[in-house]
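Structural overview
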Amino acid sequence: MSLDLTALTGGTMSDDAAPARGTVLGIDIGGTKLAAALVSADGTILAGDRIRTPDGGADQVFAALGELIGRVRGDAAPLAVGIGSAGPLDQEHGLVSPVNIPGWRNFPLVDRVRALTGDVPVTLGMDGHCFALGEYWSGAGRGAKTLLGIVVSTGVGGGLVVDGKPLIGQSGNAAHIGHVVVDQDGEACACGSYGCVEAYASGPRMVARAKRRGWRTEEDVDAAVLAADAAAGDELALAAFDDGAQALAAGIVATAVTVDLTSVVIGGGVAKAGPVLFDPVQAWVKRLAQLPFITELAVEPAQLDNAGLLGAAHLAWAALS
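What you see is a predicted model; the values in this text were computed from it and never measured.

1. Quick notes on the sheet that holds strand β10 (residues 165–166)
Across the sheet, which stays open at both edges, the 5 strands sit in the order β10-β9-β8-β11-β12 with mixed pairing between neighbours. Each end of this open sheet is capped by a strand with a single partner; those strands are β10 and β12 (298–301). Bridge analysis of strand β11 (residues 263–267) against β12 gives 4 bridges, and the strand direction is parallel. Directly across from Val264, in β12, lies its bridge partner Val299. Helix-sheet contacts for helix α9 (residues 275–288) involve β11 and β12, and the interaxial angle to β12 is about 170°.

So this is what it looks like as structure tokens:
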């Protein structure tokens, strides 16, 4: 299954069949797909592919990733490797424990990838950080001074870019906006806390909330169906999106007053709902963002279909600078 590479770079791709010299390897790891691409210094995608993330143990998942890397690399020798992975992760030791890949717990991903790619820099980052970097480099976040990227899907992840660099924090797990508490008496979250943004704004939680209120109670439906019903005017679906939007807006404004944000870009599967998500998010941000330095905060949809992969490549190039 091939990547939509033109979507990553605004249509910039090499005409050469073989990758040019001077590339890095970007890798994007999630619970549903594994993706890899060779990327030049200007963000041109030279070769890329993706596969579905297999079920199974640690070695089975990594074997599939190894085959993908080998196929994408071909005869090329990338100068560095950047990896964006679902978390949590231990950036110092190169370990990952993605919640949505049960076979990987404290998995030594950096060492295993380095063994495949040779003695080159291998940089590990959170998938949310890479999403934000990709949009900053070549998407809706171009030119932003301080960018918050948010991925709204089965969970809610995020990343911050400040002065062109990701704000990663001591452990590499900064900007977990999905676990900002926005309601102290709120619903239980999968992280163990209560009232988190993710507990209201993730796709599955919005669906569950709508069902508790009587929406399609006997059907096996997902956030795409909820979005379609909301777009058609269904009051229960609209209410679920409004609840999710209010939680997202609260998390956005909390982050904005902390780091003096200028821009927010939202992507992920739920963001494909379009106006039924963005209209209430923008309305709630306007209502909650009252301090003068954040009243002009811009919230926009992502432009890249695979920003995380491009952001991982950005990490690789940064390691060489």
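Once the structure has been displayed, the description carries forward.
2. What to know about unusual backbone geometry
Cis geometry is adopted by the peptide bond preceding Pro88, which originates at Gly87 and carries an omega value of 10°. Checked against the element boundaries, Pro88 lands in the loop between β4 (81–85) and β5 (89–90). Located in the positive-phi region is Ala175, a residue other than glycine, with phi close to 70°. Positionally, Ala175 belongs in the loop between β10 and α5 (198–201). Of note, Arg216 is a non-glycine position whose phi angle comes to about 40°, a positive value. Judged by relative accessible area, which is 30%, Arg216 ranks as partly exposed.

Thresholds, definitions, all that
- Residues numbered from 1 in each chain as written.
- Predicted model: local features only at pLDDT ≥ 70, side-chain atom pairs only at ≥ 80, totals over all residues.
- Heavy atoms only, no water.
- Pairing = 2+ DSSP bridges.
- Helix = DSSP H or I, 4+ residues; strand = E, 2+ residues; numbered from the N terminus.
- Contact = heavy atoms within 4.5 Å.
- Axes fitted to C-alpha atoms, helices over the stretch in contact; angles between N-to-C directions.
- Buried < 20%, exposed > 50% of the residue type's maximum accessible area, 1.4 Å probe, protein only.

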